Amino acid sequence: MPSKNHTSYHASSGGGAGASPLEHSLSDRTAFYAAIGVASAAISAIFVILVVLSVRCIRRRRSRVRHSSRLIPIVTKEIEVEALADLSLEAGGKRFVTEKEGTSGSGFSEVSGSSKGCSSAASGISVAEMTNIGWGRWYGLKELEAATGGFSEGNVIGEGGYGVVYRGVLGDDSVVAVKNLLNNRGQAEKEFKVEVEAIGKVRHKNLVGLIGCCADGPQRMLVYEYVDNGNLEQWLHGDVGPVSPLTWEIRMKIAIGTAKGIAYLHEGLEPKVVHRDVKSSNILLDKLWNPKVSDFGLAKLLGSESTFVTTRVMGTFGYVAPEYASTGMLNERSDVYSFGVLLMEIISGRNPVDYGRPVGEVNLVEWFKGMVASQRSEEVVDPLIKVQPSPRALKKVLLVCLRCIDLDSQKRPKMGQVVHMLEGSEFLFRTENCSPEPTLNTSVLQSAVSRIPLLYENMGHGNSERSIWR
């Protein structure tokens, strides 16, 4: 019997027609295990494909438009929105909101005629009726979906606390930037109205142009001109190699252009626009390094009859003026302070708040004033600048910085004056018993710094201090 079974086993392996039940069972098991093997291989292949696709999606998300033959440097810092009980140094580098409620001063309007027009379209007016909204185009959701490839990850060119910005190509082949606002507790509707109100009709070479909008159901989108060379934050703080492409001359070009854009908001419009979030990531650059101020979602309007507006404190920590952070009273002088911090950032290549630096260097303003006061002005310049500025050029810009961050807001210059200071070959500069054109030596800088406390103490005081600018 054993011999017959052994013979039958070999017969089954040969596929004979007269196979026994044992042979059938073994054959079935072999087929079952083979099927499991094939299924496992298929699952593994699918898993590998999914991993590859995920990696590609992540790489696309991080991709940016090119400048010449190199990539725009990527800055991975997240912009978050936080609610704080008070001003805290532990909020470093994040966009913040303190829960300090206020009422709008006279002259401020929450909804303008143009923003009402956009809102009414979302309430039932047809797209055909809204094709021309007085200053730009009304876009349908399907048109913007087609332009951005269905809002694909590969077309993401920016992300922030209030939305995602996509690169889009319209039907006429024009390139635009589409900002899809995130509807965080109704924030999308607020920002939508504010931006349309603030810059819908504004046209200036140093301000990003808003060319249209979309309100379809809960969706709120803003369509801007496309600026193709990233933002200033990326070029200052991204990986640019051992030598920054931002030479001293280019940095001054960016500073002056930014100042002109803000000056137009303050002095060329009625009601004036207070940007409220002047910072490096909101300064876009074209391939000729021309700056354009962007992101007006926090902007406030201030009529000629109003000297300030009391509101919730919002902005980005490190850039916010001390008197605004402590009182909630906002006017254009708050933007001047923020520009002063931005100018320090442009000169030094340092973040306004950087907890990775040694104690004493965390806060840019404090470090900057300390370096000038100790006669080490040359050391504040970004070491990545290959050709350093002349001592006279540096001291001229340092004085503008110090003037803009004066703790007495009334002693800060207007943005139009800042433009003249930066553009002028000589400072229109005077102190008591001094000639109008003094030598710009270190003692002048020390004198200027001595009038400004190194810490955020005695905010709003210092009335006995006399400004070096008249």
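Quantities reported herein were computed from a predicted structural model and do not represent experimental measurements.

## A word on the pattern of salt bridges
Alright, step 1. The full count for this structure, using the stated rule, is 12 salt bridges.
Alright, step 2. The partner of Arg137 in a salt bridge is Glu143, with the nearest N and O atoms 3.1 Å apart.
Alright, step 3. The class of Glu143 is partly exposed, set by a relative accessible area of 29%.
Alright, step 4. With its nearest N and O atoms 3.5 Å apart, the salt bridge here joins Arg357 to Asp354.

## Here's the deal with the packing of helix 7 (residues 248-267) against helix 12 (residues 415-423)
Alright, step 1. As a packed pair, helix 7 and helix 12 sit with axes 8 Å apart at the nearest point and diverge in direction by 155°. Looking at the two axes, helix 7 sits roughly antiparallel to helix 12. The interaxial crossing formed by helix 7 with helix 12 has left-handed handedness. In this structure, helix 7 contributes Ala255, Ile256, Ala259, Lys260, Ile262, Ala263, His266 and Glu267 to the contact, and helix 12 contributes Met415, Gly416, Val418, Val419, Leu422 and Glu423.
Alright, step 2. Looking at side-chain class alone, the contact of helix 7 with helix 12 contains nine nonpolar, two polar and three charged residues.

## Examining unusual backbone geometry
Alright, step 1. Here the amide bond leading from Glu270 into Pro271 is cis, since omega sits at 0°, within 30 degrees of zero.
Alright, step 2. A positive phi is found at Trp289, a non-glycine position, where the angle reads about 65°.
Alright, step 3. Turning to its location among the elements, Trp289 is positioned in the loop between strand 12 (283-285) and strand 13 (291-293).
Alright, step 4. The exposure class assigned to Trp289 is buried, which follows from its relative accessible area of 9%.
Alright, step 5. Look at Gln375: it is not a glycine, yet its phi comes out positive at around 60°.
Alright, step 6. Tracing the sequence through the fold places Gln375 in the loop between helix 10 (364-373) and helix 11 (391-404).

## Quick notes on a nonpolar patch on the surface
Alright, step 1. Together, Ile46, Ile49, Leu50 and Leu53 give the surface a local cluster of nonpolar side chains, amounting to about 380 Å² of exposed area.
Alright, step 2. Here Leu50 is to be found in helix 2 (residues 21-62).

## Things to note about the packing of aromatic side chains
Alright, step 1. Enumeration according to the criterion identifies two aromatic pairs in this entry.
Alright, step 2. Judged by centre distance (5.3 Å) and plane angle (65°), the ring pair of Phe151 and Tyr166 falls under edge-to-face. Placement of Phe151 in the loop between helix 4 (141-147) and strand 6 (156-160) and of Tyr166 in strand 7 (residues 163-169) is noted, with a sequence separation of 15 residues between them. As far as burial versus exposure is concerned, Phe151 and Tyr166 are alike and both buried.

## Regarding the packing of helix 10 against helix 11
Alright, step 1. One can describe the packing of helix 10 onto helix 11 by two numbers: an axis separation of 12 Å at closest approach and a directional angle of 130°. What the angle tells us is that helix 10 and helix 11 run oblique. As helix 10 runs across helix 11, the sense of the crossing is left-handed. For the pair helix 10 and helix 11, contact is made by Phe368, Lys369 and Val372 and by Leu398, Cys401 and Leu402, respectively.
Alright, step 2. Class assignment of the residues belonging to the contact of helix 10 with helix 11 gives a composition of five nonpolar, no polar and one charged.

## Re the confidence of the model for the chain
Alright, step 1. For the chain, mean pLDDT is 74; residues scoring 70 or higher make up 66% of the total.
Alright, step 2. Low pLDDT, under 50, characterises residues 1-17; the predicted model gives this stretch six contacts beyond four residues in sequence or across chains.
Alright, step 3. Between residues 426-442, whose pLDDT stays under 50, and residues either more than four places distant or in other chains, the model counts 32 contacts.

## What to know about the pairing of strand 9 (residues 210-216)
Alright, step 1. For strand 9, the tally of buried residues reaches five of seven residues, placing the bulk of the element in the interior.
Alright, step 2. Across six bridges, the pairing between strand 9 and strand 10 (residues 219-225) is antiparallel. Pairing of Ala215 across the sheet is with Arg220, part of strand 10.
Alright, step 3. Two successive antiparallel strands, strand 9 and strand 10, enclose a turn made up of two residues, where Gly217 displays a positive phi of approximately 65°.

## Considering the UniProt feature "binding site: ATP" (unreviewed entry) in the chain
Alright, step 1. Summarizing the sequence annotation, UniProt attributes the feature "binding site: ATP" (unreviewed entry) to Lys179 in the numbering used throughout.
Alright, step 2. Among the structural elements, Lys179 can be located in strand 8 (residues 175-181).
Alright, step 3. Among all residues touching Lys179, those that are not within four sequence positions of it are Val164, Val165, Glu191, Glu195, Arg220, Met221, Leu222, Tyr224 and Asp295.

## Observations concerning helix 12
One full turn of an α-helix is made of 3.6 residues, so residues set three or four places apart face in the same direction.
Alright, step 1. Within helix 12, the full set of buried residues consists of Met415, Gly416, Val418, Val419, Met421 and Leu422.
Alright, step 2. Considering only its buried residues, helix 12 is in contact with helix 7, helix 9 (332-348) and helix 11.

Parameters and conventions
- Residues numbered from 1 in each chain as written.
- Predicted model: local features only at pLDDT ≥ 70, side-chain atom pairs only at ≥ 80, totals over all residues.
- Heavy atoms only, no water.
- Salt bridge = Lys/Arg side-chain N within 4 Å of Asp/Glu carboxyl O.
- Buried < 20%, exposed > 50% of the residue type's maximum accessible area, 1.4 Å probe, protein only.
- Axes fitted to C-alpha atoms, helices over the stretch in contact; angles between N-to-C directions.
- Helix = DSSP H or I, 4+ residues; strand = E, 2+ residues; numbered from the N terminus.
- Parallel < 35°, antiparallel > 145°, perpendicular 65-115°, else oblique.
- Left-handed = near helix turned anticlockwise from the far one by under 90°.
- Contact = heavy atoms within 4.5 Å.
- Nonpolar A, V, L, I, M, F, W, Y, C, P; charged D, E, K, R; others polar.
- Patch = residues over 30% accessible without salt bridge, like charges linked within 9 Å, V, L, I, M, F, W, Y side chains within 5 Å.
- Areas by Shrake-Rupley, 256 points an atom, 1.4 Å probe, with all protein chains shown as cover.
- Phe/Tyr/Trp six-rings, centres within 6.5 Å; stacked < 30°, edge-to-face > 60°.
- pLDDT = per-residue confidence, 0-100.
- Pairing = 2+ DSSP bridges.
- UniProt positions renumbered as here; feature names shortened; annotations may be inferred.

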